[in-house]
Amino acid sequence: DAKTTQPNSMESNEEEPVHLPCNHSTISGTDYIHWYRQLPSQGPEYVIHGLTSNVNNRMASLAIAEDRKSSTLILHRATLRDAAVYYCANYGQNFVFGPGTRLSVLP
Amino acid sequence: KAGVTQTPRYLIKTRGQQVTLSCSPISGHRSVSWYQQTPGQGLQFLFEYFSETQRNKGNFPGRFSGRQFSNSRSEMNVSTLELGDSALYLCASSLFETYNEQFFGPGTRLTVL
């Protein structure tokens with residue numbers, strides 16, 4: 001199974017950009033890279049996904065390294081509502097989630 | 001549009017019993033996946049169903065099983081419960097295959113005593 005690693009926690013100031021890293025050390029060439037986030041007492045929420053090139057949507061941007069061994073989720077201006085646990089995942093035949101990064105946003 | 005619903009939300013069982021959890025996907029969604037979430041192991045894939053067929057199964061013992069009905073609703077069953085089965089069980093639905101955006105339900109919190 002593919003393995004992903006993430007920092008345990010990160011902190012950001014409100015209205016500043018946040019870069020959340022993920023290492024996809026054993027990702028295969030056709031695996032998609034996904035990011036989800038989970039607020040307390042809720043199920044995970046989709047953020048963004050991509051395969052090879054960088055992706056943008058209304059929530060965030062996803063930067064994928066050329067060798068695809070790492071990706072970075074970029075929140076352009078963190079708000080207090082962005083405080084959550086962020087999970088990166090590989091999707092080949094099924095999802096393999098990383099351990100998650102707990103993001104704290106300071107006012 | 002209603003989101004993914006899971007019933008029951010909380011459940012307490014004793015070792016050796018069996019349990020059935022239910023998931024109703026978003027209307028029109030044909031793919032349903034199940035995940036187990038624990039503090040120690042994190043989010044782990046259990047199985048995925050698409051049009052009533054199991055497409056993939058995670059690395060869990062045969063005590064864990066599931067099925068999907070013609071209306072896309074899904075159930076998962078755990079037999080001979082063990083203490084280690086205590087977890088949040090999450091269901092997610094997607095329109096077609098799972099590599100697209102998944103929508104998760106709030107989960108069922110299972111406690112095994």
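None of these values were measured; they are calculated from a predicted model.

*Asks:* Just to check I follow, could you spell out unusual backbone geometry for this structure?
*Replies:* Generally, phi is negative for residues other than glycine and the peptide bonds are trans, each holding for most cases. Cis geometry marks the peptide bond from B:T7 to B:P8; its omega dihedral reads -10°. Even without being glycine, A:R68 reaches a positive phi, approximately 60°. Examined against the element boundaries, A:R68 turns out to sit in the loop between β7 (61-64) and β8 (70-75). Even without glycine at this site, B:E52 takes up a positive phi of about 70°. The residue B:E52 is located in the loop between β5 (42-50) and β6 (53-57) in this model.

*Asks:* What's the story with the packing of aromatic side chains in this structure? I'm lost.
*Replies:* The geometry of an aromatic ring pair is captured by the separation of the ring centres together with the interplanar angle, meaning the angle of the planes. For the coordinates displayed, the defined rule picks out twelve aromatic pairs over all chains. Between A:Y91 and A:F95, the ring centres sit 4.8 Å apart and the planes meet at 50°, which makes this aromatic pair tilted. Classification of A:Y91 by relative accessible area gives buried; the value is 4%. Looking at A:F95, the relative accessible area reads 2%, which means it is buried. Connected via pairs of aromatic rings, a cluster forms that spans A:Y36, A:Y46, A:Y87, A:Y91, A:F95, A:F97, B:Y35, B:F45 and B:F104. Just above the ring of B:F50 sits the side chain of B:R55; from NZ or CZ to the centre is 5.9 Å.

*Asks:* Even after reading the chapter, I still don't get the sheet that holds strand β6 (residues 55-56) of chain A, so can you show me in this structure?
*Replies:* All names here are of chain A. Spatial strand order, β1-β3-β8-β7-β6: five strands in an open sheet with antiparallel pairing. The outermost strands of the open sheet, each flanked by one partner alone, are β1 (4-5) and β6. With two bridges joining them, β6 and β7 adopt antiparallel strand pairing. When the bridges of β7 are listed, V55 appears paired with L62.

*Asks:* Hey, could you run me through the nonpolar core in this one?
*Replies:* As a rule of thumb, soluble globular proteins bury nonpolar side chains together. Within the largest apolar cluster, 21 residues are counted, with the highest numbers of intra-cluster contacts made by B:W34, B:L46, B:F64, B:M76 and B:Y89. Those residues within four positions of B:F64 in sequence are excluded, and the remaining contacts are B:Q36, B:L46, B:F47, B:K57, B:M76, B:N77, B:V78, B:D85 and B:Y89. Among the nonpolar cores identified, the runner-up in size contains 19 residues, and A:V18, A:I33, A:W35 and A:I64 belong to it.

*Asks:* Could you clarify how one ought to interpret the pairing of strand β7 (residues 64-68) of chain B in this entry?
*Replies:* Regular strands place side chains that alternate from one sheet face to the opposite one. All names here are of chain B. As paired strands, β7 and strand β8 (residues 74-78) are joined by five bridges and run antiparallel to one another. Paired with Q68 across the bridge in β8 is S74. Linkage of β7 to β8, two consecutive antiparallel strands, is achieved through a turn of five residues, within which S72 is found at a positive phi near 75°.

*Asks:* Where do I start with the pattern of salt bridges in this structure?
*Replies:* Note on pairing: side chains with opposite charge can pair once their charged atoms come close. Residues and elements named next belong to chain B. This structure, assessed with the given rule, holds eight salt bridges over all chains. For the salt bridge of R55 with E48, the shortest nitrogen-to-oxygen distance reads 2.7 Å. Overall, E48 belongs to the buried group, its relative accessible area being 0%.

Rules of the game
Residues numbered from 1 in each chain as written. Chains lettered and ligands numbered in written order. Predicted model: local features only at pLDDT ≥ 70, side-chain atom pairs only at ≥ 80, totals over all residues. Heavy atoms only, no water. Helix = DSSP H or I, 4+ residues; strand = E, 2+ residues; numbered from the N terminus. Phe/Tyr/Trp six-rings, centres within 6.5 Å; stacked < 30°, edge-to-face > 60°. Buried < 20%, exposed > 50% of the residue type's maximum accessible area, 1.4 Å probe, protein only. Lys NZ or Arg CZ within 6 Å of the ring centre and 35° of its normal. Pairing = 2+ DSSP bridges. Core = buried A, V, L, I, M, F, W, Y, C linked by side-chain atoms within 4.5 Å. Contact = heavy atoms within 4.5 Å. Salt bridge = Lys/Arg side-chain N within 4 Å of Asp/Glu carboxyl O.

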